[in-house]
Amino acid sequence: MQTASTNICERMGRSQELSDSKRGTVIGCHLCNKSIRDISWLLNIPRSTVSGIITKWKQLGTTATQPLTGRPHKMTERGQRMLKHTVCRSVQLSAESIAKELQTSCGLQISTTTVHRELHGMGFHGRAAASKPYITKCNAKHRMLWCKTCRHWTLHWQYLPDCIMPSVKF
């Protein structure tokens, strides 16, 4: 036995698009003077969906899915895989060189802005490497002294007073 809360939970969330026959059934019920609530209950479709189908039918005269607005993406899935492969192979390439490489290898005409946008979408971000100071000659000498002094240590070493070198500053 289903309770009201489980029925609501089953109906909530985004699902696939309704078939043409189900949309036609909604319009047929509407033409038979059924209310939106009744249609929703009969077909087990959310009221907002039923309302949207009826509104679309009144405005456009059809319930067919309309083409999407906007320009299609320049990069296909294959192009994105090639871009990711190029970046993983050599990490320090600039966006310009990546765009040129994609143009020569697969004939894909994309701009550096598109490369930036696609890489950001994939989770790649440009970062400057952290600068690490070089070890000075004096510090290298002190390190070597410490290593030579303590080379006989074991895993269970004890505090040895002769290993302390007060003259060496770390």
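For the structure itself, look to the data block above.
These notes cover the structure that comes with them. As the structure is a prediction and not an experimental result, all values here were calculated from the model.

### Topic: the overall build of the protein
Inference 1: Summing up its helical and strand segments, the protein has eight helices and zero strands in all.
Inference 2: Ordering the α and β elements of the protein from the N terminus gives α-α-α-α-α-α-α-α.
Inference 3: Looking at the protein as a whole, 19% of its 170 residues qualify as buried.
Inference 4: By sequence separation, contacts in the protein at least 24 residues apart represent 43% of the contacts at least 6 residues apart.
Inference 5: Carbon and sulfur atoms form 56% of the exposed surface of the protein, whose accessible area is close to 14300 Å².

### With respect to the side chain of Arg-23
Inference 1: Turning to its location among the elements, Arg-23 is positioned in helix 2 (residues 20-31).
Inference 2: The exposure class assigned to Arg-23 is buried, which follows from its relative accessible area of 7%.
Inference 3: Within the local environment of Arg-23, its side chain forms a polar contact with the backbone oxygen of Thr-63, the two atoms lying 2.3 Å apart.
Inference 4: Not counting the four nearest positions on each side in its chain, Arg-23 is found in contact with Glu-17, Leu-18, Ile-53, Thr-63, Ala-64 and Thr-65.

### A few points about the nonpolar core
Inference 1: In this structure, Met-75, Leu-83, Val-87, Ala-95, Ile-98, Ala-99, Leu-102, Leu-108, Ile-110, Val-115 and Leu-119 together form the largest nonpolar core, which totals 11 residues.
Inference 2: Of all elements in the fold, only helix 5 (77-89), helix 6 (95-106) and helix 7 (112-122) reach the threshold of two or more residues within this core.
Inference 3: Among the elements that line this core, the one with the most residues is helix 6, at four residues.
Inference 4: In contact with Val-87, other than residues within four places in its own chain, are Ile-98, Leu-119 and Phe-124.
Inference 5: Counting nine residues, the second largest nonpolar core, distinct from the first, contains Cys-29, Leu-43, Ile-45 and Ile-53.

### Re the packing of helix 3 (residues 36-43) against helix 4 (residues 47-60)
Inference 1: Contact geometry for helix 3 and helix 4: axes closest at 9 Å, N-to-C directions at 115°. Of the two elements, helix 3 crosses helix 4, and the hand of that crossing is right-handed. Contacts between helix 3 and helix 4 involve Ile-36, Arg-37, Ile-39 and Ser-40 from the former and Arg-47, Val-50, Ser-51 and Ile-54 from the latter.
Inference 2: The residue makeup of the contact of helix 3 with helix 4, split by class, is four nonpolar, two polar and two charged.

### A short note on the pattern of salt bridges
Inference 1: Summed over the entire model, instances satisfying the criterion amount to three salt bridges.
Inference 2: Between Glu-17 and Arg-23 there is a salt bridge, with its nearest N and O atoms 3.1 Å apart.
Inference 3: Take Glu-17: its relative accessible area is 55%, and that puts it in the exposed class.
Inference 4: Among the salt bridges present, the one from Arg-23 reaches Asp-20, with a minimum N-O distance of 3.4 Å.

About the criteria used
- Note that residues are indexed from 1 along each chain, following the sequence as it is written.
- This being a predicted model, a pLDDT of at least 70 is required before a residue's local features are given, and a value of 80 or more before pairs of side-chain atoms are given or counted; all residues contribute to the totals for chains, interfaces and linings.
- With hydrogens and water set aside, each side-chain value is computed from the structure's full complement of heavy atoms.
- Every helix listed is a DSSP run of H or I at least four residues long, and every strand listed is a run of E at least two residues long, numbered separately from the N terminus.
- The buried label applies to any residue whose accessible area, calculated with a 1.4 Å probe on protein chains only, is under 20% of its type's maximum; exposed applies above 50%, and partly exposed to all values in between.
- What makes two residues a contact is simply this: any of their non-hydrogen atoms within 4.5 Å.
- Each accessible area is a Shrake-Rupley estimate made with a 1.4 Å probe; only the visible protein chains count as cover when residues are assessed.
- As used in this structure description, the phrase polar contact means that two N or O atoms lie within 3.5 Å; if the pair is within protein, one of them must be able to donate a hydrogen and the other to accept it, and residues adjacent in sequence are counted only when both atoms belong to side chains.
- Nonpolar cores were defined as sets of buried Ala, Val, Leu, Ile, Met, Phe, Trp, Tyr and Cys residues, with membership established by side-chain atoms within 4.5 Å.
- Here the axes come from fitting lines to C-alpha atoms, over the contacting stretch only for helices, and the angles between their N-to-C directions go from 0 to 180 degrees.
- Crossing handedness: left-handed means the near helix sits turned counterclockwise from the far one by under a right angle, and right-handed means the same turn made clockwise.
- Charged means Asp, Glu, Lys or Arg here, nonpolar means Ala, Val, Leu, Ile, Met, Phe, Trp, Tyr, Cys or Pro, and polar covers whatever is left, Gly included.
- Salt bridges are counted wherever a side-chain nitrogen of Lys or Arg sits within 4 Å of a carboxyl oxygen of Asp or Glu.

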